[in-house]
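Structure assessment
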Amino acid sequence: MKQHIDTAPIWESYRQDCECPLCLLNAKVEASNVDYFLGESVMEPSQRIEVNKKGFCADHFKLMYVAGNRLGLALMTHTYMKESMKALKENAQKARDAAAAEAGKPIFKRLGSQKGAAFGDVVGELEKMQNTCLMCERIRETMERYMYTVIYMYKHEAEFPKLFAESKGMCLKHYAQALEIAPKHLSGDVLKRFVDTLTDIEMKNFDRLEGEIEWFTNKFDYRNQDKPWGNSRDAVKRCVNKLGHQVVDED
Ligand SMILES: [Zn+2]
Ligand SMILES: [Zn+2]
């Protein structure tokens, strides 16, 4: 291991009762990134250049708007928009050219898959502008480091495998990431133990959740009205999390 490994956030997340400890970490990382981009980064010229180049995705623009620091967001959005106008102007010409090319096509080329083909690049460029996101990039890097740390801890920290095995597994997204990263850093028996344990708890907890959400639906039957909710009251929220999207709002 070359770099410093910060295990404390992983211990903290794994000690909480949740459907995916990595999603808990992701929420924290996202919140601190929102703070960073609205505060500190506004005064850092190198970061502003990066923001101007890449911008943010729709979800992260919305999170920053909701966070409420309008001046920070305004300063950043202003220079980003100025920079985006250059790309947008180039694209505007391409859109006009595409329309002219399309309009001038002979009738047999205006049909089938050829129809509107000239607009592909223009639309692609605009989609790229919306989907490139500096915050997504930073969060992804941090989360990859955390996922690596989970695997490192499984191998090196004596108490961690037990806590890991007692957890409720991960959401689908993080389960897939764990399976992708594990064979790069583990091998032999440890790899087998890690994947077997993770897969066991994943199956067991999907099964449990399936039962809990079924009981949630059954509770709407008047015959079950007076029966106890058990663990099902917030089952929808936890299923949505398990399937890959953490629901932040409290019920
Ligand atoms: Zn997750
Ligand atoms: Zn984003």
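Residues numbered from 1 in each chain as written. Chains lettered and ligands numbered in written order. Predicted model: local features only at pLDDT ≥ 70, side-chain atom pairs only at ≥ 80, totals over all residues. Heavy atoms only, no water.

**Some thoughts on the overall build of the protein**
- A tally of regular secondary structure across the protein gives eleven helices and zero strands.
- In sequence order, the secondary structure elements of the protein are arranged as α-α-α-α-α-α-α-α-α-α-α.
- Computed over C-alpha atoms, the radius of gyration of the protein comes to 24 Å, more than 25% over the 18 Å expected from 2.2 N^0.38 for 251 residues, which places it beyond the range of a compact globule.
- Expressed as lengths along the three principal axes of its C-alpha atoms, the size of the protein is roughly 65 × 55 × 45 Å.
- Counting over 251 residues, the protein shows a buried share of 35%.
- Of the accessible surface of the protein, which amounts to about 15,600 Å², a share of 56% is contributed by carbon and sulfur atoms. (Helix = DSSP H or I, 4+ residues; strand = E, 2+ residues; numbered from the N terminus. Rg over C-alpha atoms; globule rule 2.2 N^0.38 Å. Buried < 20%, exposed > 50% of the residue type's maximum accessible area, 1.4 Å probe, protein only. Areas by Shrake-Rupley, 256 points an atom, 1.4 Å probe, with all protein chains shown as cover.)

**What about the coordination of the zinc ion (ligand 1)?**
- Protein-derived coordination of the zinc ion (ligand 1) comes from Cys20 (SG), Cys23 (SG), Cys171 (SG) and His174 (ND1), at a distance range of 2.0 to 2.3 Å.
- In this structure, the zinc ion (ligand 1) is coordinated by four donor atoms arranged in tetrahedral fashion, with angles at the metal of 100 to 117°.
- In primary-sequence terms, the residues that donate to the zinc ion (ligand 1) follow C-x2-C-x147-C-x2-H. The residues Cys171 and His174 share a single accessibility class, namely buried. (Donors = N, O, S within 2.8 Å, 3.2 Å for Na, K, Ca; no water. Tetrahedral: all angles 85-135°; square planar, octahedral: opposite > 155°, others 65-115°.)

**Considerations on the domain arrangement of the protein**
- Partitioning the protein into domains gives domain 1 (8–136) and domain 2 (157–242).
- At the interface, eleven residues of domain 1 touch 16 residues of domain 2.
- In total, about 1,200 Å² of surface goes out of reach between domain 1 and domain 2, with carbon and sulfur atoms giving 63% of it.
- On the surface where domain 1 and domain 2 come into contact, there are four salt bridges.
- Residue Glu19 is joined to Arg208 by a salt bridge in which the shortest nitrogen-to-oxygen separation is 2.8 Å. (Domains from an automatic or database assignment. Contact = heavy atoms within 4.5 Å. Buried area = accessible area lost by both parts, 1.4 Å probe. Salt bridge = Lys/Arg side-chain N within 4 Å of Asp/Glu carboxyl O.)

**Quick word on the layout of surface pockets**
- The volume enclosed by the largest pocket comes to roughly 1,100 Å³.
- What lines the largest pocket is a set of 30 residues, and nearest its centre among them are Asn26, Glu30, His60, Leu63 and His245.
- The class makeup of the residues in the lining of the largest pocket is 14 nonpolar, seven polar and nine charged.
- Here the lining of the largest pocket spans two domains, since at least three of its residues come from each of domain 1 (8–136) and domain 2 (157–242). (1 Å grid on protein atoms, 1.4 Å probe; cavity = no way out; pocket = protein on both sides within 12 Å on 5 of 7 lines; lining within 4 Å. Points joined across faces, edges and corners; volume = space filled by probe spheres on them. Nonpolar A, V, L, I, M, F, W, Y, C, P; charged D, E, K, R; others polar.)

**Observations concerning the nonpolar core**
- Counting residues in hydrophobic clusters, the biggest one holds 43 residues, and the most contacted among them are Leu22, Phe164 and Met170.
- Among the secondary structure elements, those contributing two or more residues to this core are helix 1 (8–14), helix 2 (21–38), helix 5 (70–103), helix 7 (134–156), helix 8 (160–166), helix 9 (172–185) and helix 10 (188–218).
- No other element matches helix 7, which puts ten residues into this core.
- Taken domain by domain, the makeup of this core includes at least three residues from each of domain 1 (8–136) and domain 2 (157–242).
- With residues up to four places along the chain from it excluded, the contact list for Met170 reads Tyr14, Glu19, Cys20, Leu22, Met147, Phe164, Tyr175, Ala178, Leu198, Glu202 and Lys242. (Core = buried A, V, L, I, M, F, W, Y, C linked by side-chain atoms within 4.5 Å.)

**Looking at the environment of Gly72**
- Residue position: Gly72 is located in helix 5.
- Residue classification places Gly72 among the buried positions, given a relative accessible area of 5%.

**Looking at the pattern of salt bridges**
- Applying the stated criterion across every chain yields a total of 15 salt bridges.
- For the salt bridge of Glu137 with Lys54, the shortest nitrogen-to-oxygen distance reads 3.1 Å. Here the residue Glu137 occupies a position in helix 7, and Lys54 occupies one in helix 3 (residues 45–54), the gap between them amounting to 83 residues.
- Several salt bridges converge on common partners, so that one network encompasses Glu19, Arg208, Glu212, Asp234, Arg238 and Lys242.

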